[in-house]
Amino acid sequence: MTTQSLLPNDLIDALLSNYKKPEDLIGENGLLKQLTKALVERALQAEMTEHLGHDKHSPVNNTAGNTRNGKSTKTLKGDFGALPIEIPRDRHGSFEPQLIPKHQTRWTGFDDKIISLYSRGMTVREIQQHLTEMYGTEVSATLISTVTDAVIDEVKQWQSRPLDSVYPIVYLDCIHVKIRDSGAVRAKAAYLAIGINMNGEKEVLGLWIAQTEGAKFWLSVVTELKNRGVQDIFIACVDGLKGFPEAIETVYPLATVQLCIVHMVRNSLNFVGWNNRKIVAADLRRIYTAATLDEAEQNLCAFEAQWNEAYPSIAKSWRNNWSRITPFYDYPPEIRRIIYTTNAIESVNMSLRKVTKSRGSFPHDEAVMKLFYLALRNISQKWTMPLRDWKPALNRFTIQFEDRCLRSN
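Residues numbered from 1 in each chain as written. Predicted model: local features only at pLDDT ≥ 70, side-chain atom pairs only at ≥ 80, totals over all residues. Heavy atoms only, no water.

A. Geometry of the overall build of the protein chain. Broken down by element type, the protein chain carries 19 helices and seven strands. A buried classification covers 43% of the 409 residues belonging to the protein chain. In the protein chain, 63% of the contacts between residues at least 6 apart in sequence involve partners at least 24 apart. When the accessible area of the protein chain is evaluated, it comes to approximately 22400 Å², of which 52% is carbon and sulfur surface. (Helix = DSSP H or I, 4+ residues; strand = E, 2+ residues; numbered from the N terminus. Buried < 20%, exposed > 50% of the residue type's maximum accessible area, 1.4 Å probe, protein only. Contact = heavy atoms within 4.5 Å. Areas by Shrake-Rupley, 256 points an atom, 1.4 Å probe, with all protein chains shown as cover.)

So, in structure tokens, the structure goes:
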């Protein structure tokens, strides 16, 4: 089955009669650009005819006596570079073009290109250079800021949207970014909460900016989650911040708080010289990969006997946090790896760090929120499948938290 051409061949031949090289077609003054201009201007003339009720040079055919009144010119920016377009005017000033609305100065979709480049971590200067190289279009820094600032309202709606009533697992963590504040550049914490819903799908619940990471602010975060509809959390996986578990349990008293094993190991290895790190890491692994809680305690004792003299702070830290480290032993092995690490949020943080690596600092908090929201939107588009091993985990949760699961219905 052949596809019939939308344009007659003789018309195409006539248009390409002077074609010799690619620039004749797609260059700065090429055929495609000229044809686009001609078609757009012809369409605008057709809109004016529809508006007035009569063709150009024809008798006036409307009761108001309205007629054409020359043209105005605007330059549209987009894939064709800068393209000047003549817009017809009417004497009464009542003509509202549909193809190119009043005040529009960019082709539809051009703003989306700017936002896409911005969301991937490109600076304003880099976006300007890219658009100039790709489309021959010069775009001001003010325009880029205006286009990307339009996202702020979307961020506010997203940040206040209603959430599910139950999230079996919530991961909470933060990364640090440099933000200009009161004339000085300061390191601030960007807080992130990712929930696993009843279908086993990851969902970014919210993003917050604060001066420093602290239990007091985490309390305000989980309170906001509660206010947005989250009535219950089965397991909250967090890093080792002092007071963090208490902040969660204040709002969700039935939640089990699991300290992230990855954070525990990482913090432990900070006390160890490079020559012993692999050995110490292997001995720590025997603790959190033990089959039972009793075996884990035995392996912790063995670790103390082996390393307490050289690194007394490590075993002491594990002992002090033992009740927060070990909740995952209540679950079978295939579920434990979902629970005992914040890897689900660590991978997101890694992606966020990539989009900030080319920036020395941000001018204000909103700039961080804007970039991180766009980056998170890109990241979450890839979350199309439930977590691995989610079905056995959900079956376990349904049995263990039967009454609490009913809240999700």
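B. Seen up close, the pairing of strand E6 (residues 232–238). Extensive coverage of E6 is indicated by the burial of seven of its seven residues. Strand direction decides the pairing type here: strand E3 (residues 166–181) and E6, joined by five bridges, are parallel. From the neighbouring strand, Tyr171 faces E6, where its bridge partner is Cys237. Bridge analysis of E6 against strand E7 (residues 256–259) gives four bridges, and the strand direction is parallel. Considered in E7, the bridge of Cys237 is made with Gln258. (Pairing = 2+ DSSP bridges.)

C. Quick look at the environment of Ile235. By secondary structure assignment, the location of Ile235 is in strand E6. For Ile235, a relative accessible area of 2% corresponds to the buried category. In the structure, Ile235 is positioned 65 residues away from Val170 in sequence and 6.5 Å away in space, judged by C-alpha atoms. In this structure Ile235 touches Pro168, Ile169, Val170, Thr256, Gln258, Tyr331, Ile339 and Phe397, once residues within four positions along its chain are discounted.

D. Region of interest: the packing of helix H8 (residues 215–227) against helix H9 (residues 244–251). Between H8 and H9, whose axes approach to 8 Å, the crossing angle comes to 30°. One element, H8, and the other, H9, form an angle in the roughly parallel class. The two elements H8 and H9 meet at a crossing, and its hand is right-handed. Where H8 approaches H9, its residues Ala215, Trp218, Leu219, Val222, Thr223 and Lys226 are matched on the opposing element by Phe244, Ala247, Ile248, Thr250 and Val251. Residue composition of the contact of H8 with H9, grouped by class: eight nonpolar, two polar and one charged. (Axes fitted to C-alpha atoms, helices over the stretch in contact; angles between N-to-C directions. Parallel < 35°, antiparallel > 145°, perpendicular 65-115°, else oblique. Left-handed = near helix turned anticlockwise from the far one by under 90°. Nonpolar A, V, L, I, M, F, W, Y, C, P; charged D, E, K, R; others polar.)

E. Main features of the confidence of the model for the protein chain. A residue-level look at the protein chain finds 88% of positions with pLDDT of 70 or above and a mean pLDDT of 82. Element-level pLDDT for the protein chain is lowest in helix H1 (residues 9–15), with a mean of 67, against a maximum mean of 95 in helix H12 (residues 293–307). (pLDDT = per-residue confidence, 0-100.)

F. Geometry of the sheet that holds E7. The strand order across the open sheet formed by five strands is E5-E4-E3-E6-E7, and the pairing between neighbours is mixed. Both edges of this open sheet fall to strand E5 (202–210) and E7, since each of them pairs with a single strand only. Neighbour-to-neighbour, the strand axes of the sheet open up by a mean angle of 25°, direction not taken into account. Judged from the 13 bridges that link them, E3 and strand E4 (residues 184–196) form a sheet pairing that is antiparallel. When the bridges of E4 are listed, Asp173 appears paired with Leu192.

G. Looking closely at the side chain of Glu203. Along the polypeptide, Glu203 turns up in strand E5. Looking at Glu203, its side chain comes within polar contact range of the side chain of Arg161, at 3.4 Å. At a separation of 3.2 Å, a polar atom in the side chain of Glu203 contacts the side chain of Tyr167. Discounting residues that sit within four places of it in the chain, Glu203 has contacts with Arg161, Leu163, Asp164, Tyr167, Ala193, Ile194, Gly195, Asn197 and Trp383. (Polar contact = N/O pair within 3.5 Å; in protein donor to acceptor, adjacent residues only side chain to side chain.)

H. Quick peek at the pattern of salt bridges. Applying the stated criterion to the full structure yields twelve salt bridges. One salt bridge in this structure joins Asp365 and Lys188, with 3.0 Å as the shortest N-O distance. With Asp365 in helix H17 (residues 365–380) and Lys188 in strand E4, the pair connects residues that are 177 residues apart, well separated along the chain. You can call Asp365 partly exposed: its relative accessible area is 29%. Lys188 gets classed as buried once you look at its relative accessible area, which sits at 8%. For Glu249, the salt bridge is made with Arg324, and the minimal N-O distance between the two is 2.5 Å. Here the residue Glu249 occupies a position in helix H9, and Arg324 occupies one in helix H14 (residues 322–325), the gap between them amounting to 75 residues. Here Glu249 falls in the partly exposed class, since its relative accessible area comes to 25%. Residue class for Arg324 comes out buried when judged on its relative accessible area of 19%. Here the salt bridges share partners, and the residues they tie into one network are Asp181, Arg186, Lys188 and Asp365. (Salt bridge = Lys/Arg side-chain N within 4 Å of Asp/Glu carboxyl O.)

I. Spotlight on the packing of helix H7 (residues 151–159) against H17. Interaxial distance between H7 and H17 falls to 10 Å at its minimum, and their mutual angle equals 70°. Taken together, the axis directions place H7 and H17 in an arrangement best described as roughly perpendicular. Residue-level contacts link Val151, Ile152, Glu154, Val155, Trp158 and Gln159 of H7 to Glu366, Met369, Lys370, Tyr373, Leu374, Leu376 and Arg377 of H17. Within the contact of H7 with H17, the residues separate by chemical class into eight nonpolar, one polar and four charged.

J. Region of the structure containing the nonpolar core. Trp318 and Phe372 are the most contacted members of the largest nonpolar core, which has 107 residues in total. Not counting chain neighbours up to four residues away, the residues in contact with Phe372 comprise Ile175, Val177, Ala190, Leu207, Leu352, Val355 and Thr356. Formed by seven residues, the second largest nonpolar core is a distinct cluster that contains Val40, Leu76, Ile87 and Ile100. (Core = buried A, V, L, I, M, F, W, Y, C linked by side-chain atoms within 4.5 Å.)

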